[in-house]
Amino acid sequence: MLILFPKLIRHAKRVSQPTDQIRYNPRRRCLIHIRRWIIEESSFVTRYLLTVFAWLVGFSWVVGQVVAWGTQPEIVQVLSNFHRPESVAFSLDGRTLYVSNCGSDVFGPDRSFVGFVAGNGCISQVAIAEDGSATVTKQKWIDGLSGNLGIAVLPKATTRFPEGTLLVNQGISLLVNQEGKSITDAEQLGTGILFLDAETGEELGKIDLGVGSRVADVLGHVTLLPNSIAFDGDGNLYVTDTAKGGDRLQAPIDPNPGLIRVTHEAIDLLVDGEINAKDAVTFTPMDGVPNGVGYWEARRSLCVVTMGGTSPEGTAVYVMDEDSFPRDDLPAPLRGDVGTADGIAFTPAGTMVTSRFAGDLLAIPQQGEPFALDLDPFVAPADHRLKVLQDGSCLLAVPEQDRKDPKPWSQNVKLIRLPPGF
């Protein structure tokens, strides 16, 4: 408004001049001048007010951006040169990220046949700083694996294995040789869960899941595609069997998709090929192609996402209280028709984040409707994991398997920061 004052003062000076016209009625003359000034300067006033309004709008937008900065999910780093990364796991201290490169490739005249090449899989090691920044330290830390998918860290020591031991699923029924031909002998797949030293990478043991294994005897069927791994609060082990690829074997094996549970006490016994209790190994059947499994600590529940079959069960999120196991049935889905889902993770605020083959991440808050994160598209985002940083934000590591890319060792792991309270 200070810009208007000089013009008003000039009109006031005209009013104060001792002319004959205003001596007899200065008050009336002053009002006339002010009215004339308003009429003459109306266009100026309009322009001035519009300018002020524009500045206020712009200022409000800037303030909004400043407030929003750091409060929206954002991709903060892209790690490159992985070989079809399928899953990731943070060490117990959060200083290391382990990446399971499944080593798949494409074959055939049109390069459309996807096969997981025996011996091509490996695990990468990534250092994580306190601020969440990452540096790839060993691209091929452990190699020679076959169809390795899920990876996890043992949260509670057993007699045989210290806490922090790595577990990796491998030997799936979609294995092929170097020429892309399916491995049809189920006994050659080596299906099971490897236990690896987190410092040296040395193999410490294995739970066999394939033909002739103790687990197959107890469950009454062979595990075909051990996929994702998780532990509950008591250290019990869970593995999803997506159960694809049995038709490639000679003789074919019928699929039994579902969730395998191994009690903490039975882990060592199964590594030794033994078992001592009726409920030590149990199975929950799941239609709809079970994929990722994760532990929701705040609700003491196991969560499984499915990626196929008939909606809503086929593209759903299931939540099962850990005390409800062993169980042979499923509850109603927490959410149905969420899309073809893979990984699953949970923020301290209780928001569930799942990755989808469509190329995005879906957030499912405890209150309100699910929504896709506003991020650049992903390429086949897979089994992701999350860690909480010192400032209360979360670092979400998302591997991009990109299984149809004809170039191996050209895929990424993207790091997303979720703001505190997300």
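Along each chain, residue indices are assigned from 1 in the same order as the chain's sequence is written. The predicted origin of the model limits local features to residues at a pLDDT of at least 70 and limits the giving and counting of side-chain atom pairs to 80 or more, whereas totals for whole chains, interfaces and linings rest on all residues. For side-chain calculations, the full set of non-hydrogen atoms in the structure is used, while hydrogens and water are omitted.

1. Quick word on the pattern of salt bridges
Once the charged atoms of two side chains with opposite charge are near each other, the side chains can pair.
Argument step 1. Put simply, a salt bridge is a Lys or Arg side-chain nitrogen that is within 4 Å of an Asp or Glu carboxyl oxygen. Tallied over the entire structure, the rule returns 12 salt bridges.
Argument step 2. Among the ionic pairs, Arg327 bridges to Asp329, the shortest N-O distance being 3.6 Å.
Argument step 3. Between Asp391 and Arg417 there is a salt bridge, with its nearest N and O atoms 4.0 Å apart. Pair noted here: Asp391 is in the loop between strand S24 (385-388) and strand S25 (394-399) and Arg417 is in strand S26 (residues 411-418), with a separation of 26 residues, a long-range link.
Argument step 4. Relative accessibility decides the category of a residue: with a 1.4 Å probe and only protein chains considered, values under 20% of the type maximum give buried, values over 50% give exposed, and everything between is partly exposed. When its relative accessible area of 22% is taken as the criterion, Arg417 is described as partly exposed.
Argument step 5. Residues joined in a network through salt bridges with shared partners are Arg84, Asp105 and Arg111. Put simply, DSSP marks the helices as runs of H or I at least four residues long and the strands as runs of E at least two long, and each gets a number from the N terminus on.

2. So, empty space enclosed by the protein
Argument step 1. Any residue with an atom within 4 Å of a point lines the site, the site being either a cavity, points on a 1 Å grid over the protein atoms alone where a 1.4 Å probe fits but cannot get out, or a pocket, an open set with protein on both sides within 12 Å along at least 5 of 7 lines. Grid points are joined across faces, edges and corners, and a volume is the space filled by probe spheres set on the points. Applying the stated criterion to the full structure yields 1 cavity of 30 Å³ or more.
Argument step 2. Lining of the largest cavity is provided by Ala186, Leu189, Thr191, Gly210, Val211, Val222, Thr223, Leu224 and Leu249.
Argument step 3. Residues that form the lining of the largest cavity fall into these classes: 6 nonpolar, 3 polar and no charged. Under the convention adopted here, Pro, Cys and the residues Ala, Val, Leu, Ile, Met, Phe, Trp and Tyr are nonpolar, Asp, Glu, Lys and Arg are charged, and Gly plus all remaining residues are polar.

3. Considering the layout of surface pockets
Argument step 1. Computed from the structure, the largest pocket encloses a volume of approximately 990 Å³.
Argument step 2. In terms of lining, the largest pocket is formed by 32 residues, of which the most central are Phe231, Tyr295, Glu297, Arg385 and Leu386.
Argument step 3. Partitioned by chemical class, the residues of the lining of the largest pocket number 21 nonpolar, 7 polar and 4 charged.
Argument step 4. The calculated volume of the second largest pocket comes to roughly 430 Å³.

4. Concerning the confidence of the model for the protein
Argument step 1. For every residue, the predictor states its confidence as a pLDDT score lying anywhere from 0 to 100. When the pLDDT values of the protein are averaged, the result is 87; 83% of them are 70 or greater.
Argument step 2. This model gives residues 1-27 a pLDDT under 50, and the stretch forms 25 contacts once residues within four places in sequence are excluded.
Argument step 3. Here residues 61-69 scores under 50 on pLDDT; set against residues more than four positions off or in separate chains, the count is 0 contacts. Pairs of residues are marked as contacts when any of their non-hydrogen atoms sit within 4.5 Å.

5. A closer look at the sheet that holds S25
Argument step 1. If you trace the 4 strands from one edge of the open sheet to the other, you get S1-S26-S25-S24, paired in antiparallel fashion. Looking at which strands have only one partner, the edges of the open sheet turn out to be strand S1 (74-82) and S24. Each strand axis lies, on average, 20 degrees off the axis of its neighbour in the sheet, ignoring direction.
Argument step 2. In the sheet, S25 pairs with S26 via 6 bridges, with the strands oriented antiparallel. Across the sheet, Cys394 pairs through a bridge with Leu418, a residue of S26. Strand pairing requires that DSSP identify at least two bridges connecting the strands. Every angle, taken between N-to-C directions, lies between 0 and 180 degrees, and every axis is a line fitted to C-alpha atoms, over only the stretch in contact when it is a helix.

6. Overview of the packing of aromatic side chains
Argument step 1. Aromatic rings from Phe, Tyr and Trp, with only the six-membered ring used for Trp, were paired whenever their centres fell within 6.5 Å, and each pair was classed as stacked if the ring planes differed by under 30 degrees, edge-to-face if by over 60, and tilted otherwise. Per the counting criterion, the structure on display carries 5 aromatic pairs.
Argument step 2. Ring geometry for Phe161 and Phe195: centres 4.4 Å apart, planes at 10 degrees, overall stacked. A residue pair is termed long-range when its members are at least 10 positions apart, and Phe161 in the loop between strand S8 (151-153) and strand S9 (166-170) and Phe195 in strand S11 (residues 192-196) qualify at 34 residues. Phe195 shares its class with Phe161; the two are buried.
Argument step 3. Whether a charge sits over a ring comes down to the Lys NZ or Arg CZ being within 6 Å of the ring centre and within 35 degrees of the ring normal. When the ring centre of Trp296 is taken as reference, the NZ or CZ atom of Arg299 above it lies at 4.7 Å.

7. Notes on the side chain of Ser173
Argument step 1. Mapping Ser173 onto the fold places it in the loop between S9 and strand S10 (175-176).
Argument step 2. Polar contact is the term for a pair of N or O atoms within 3.5 Å; when the atoms are in protein, one must be able to donate a hydrogen and the other to accept it, and sequence-neighboring residues count only if both atoms are side-chain atoms. At 2.4 Å, the side chain of Ser173 forms a polar contact with the backbone oxygen of Lys244.
Argument step 3. Those residues in contact with Ser173, other than ones at most four positions away along the chain, are Leu189, Leu224, Leu225, Lys244, Gly245, Gly246, Arg248 and Leu249.

8. Some points on the nonpolar core
Most often, soluble globular proteins have nonpolar side chains that are buried together.
Argument step 1. Joining through side-chain atoms within 4.5 Å is the link that ties buried Ala, Val, Leu, Ile, Met, Phe, Trp, Tyr and Cys residues into a set, and such a set is a nonpolar core. Ranked by size, the top nonpolar core spans 23 residues in total, and within it Leu167, Ile193, Phe195, Ile207, Leu237, Val262 and Ile267 carry the most contacts.
Argument step 2. Residue assignment for this core shows that the elements contributing at least two residues are S11, helix H5 (214-219), strand S13 (226-231), strand S14 (237-241), strand S15 (258-262), helix H6 (267-271) and strand S16 (281-285).
Argument step 3. In terms of residue count, the dominant contributor to this core is H6 (3 residues).
Argument step 4. Contacts of Phe195, omitting those with residues within four sequence positions, involve Phe161, Thr165, Leu166, Leu167, Glu202, Glu203, Leu204, Gly205, Lys206, Ile207, Ile267 and Val271.

9. Section: the environment of Asp254
Argument step 1. For Asp254, the position within the fold is in the loop between S14 and S15.
Argument step 2. On the basis of relative accessible area, Asp254 is assigned to the exposed category, the value being 62%.
Argument step 3. For Asp254 and Thr223, which are 31 residues apart along the polypeptide, the C-alpha to C-alpha distance reads 10.0 Å.

10. Re the state of the cysteines
Argument step 1. Here, two cysteine sulfur atoms that lie within 2.5 Å of each other are counted as a disulfide. According to the stated counting rule, one finds 0 disulfides in the structure shown.
Argument step 2. Not engaged in a disulfide, the cysteine Cys122 finds its nearest cysteine sulfur in Cys102; these two sulfurs lie 9.7 Å apart.
Argument step 3. In this structure Cys122 comes out as buried when scored by relative accessible area, which is 1%.

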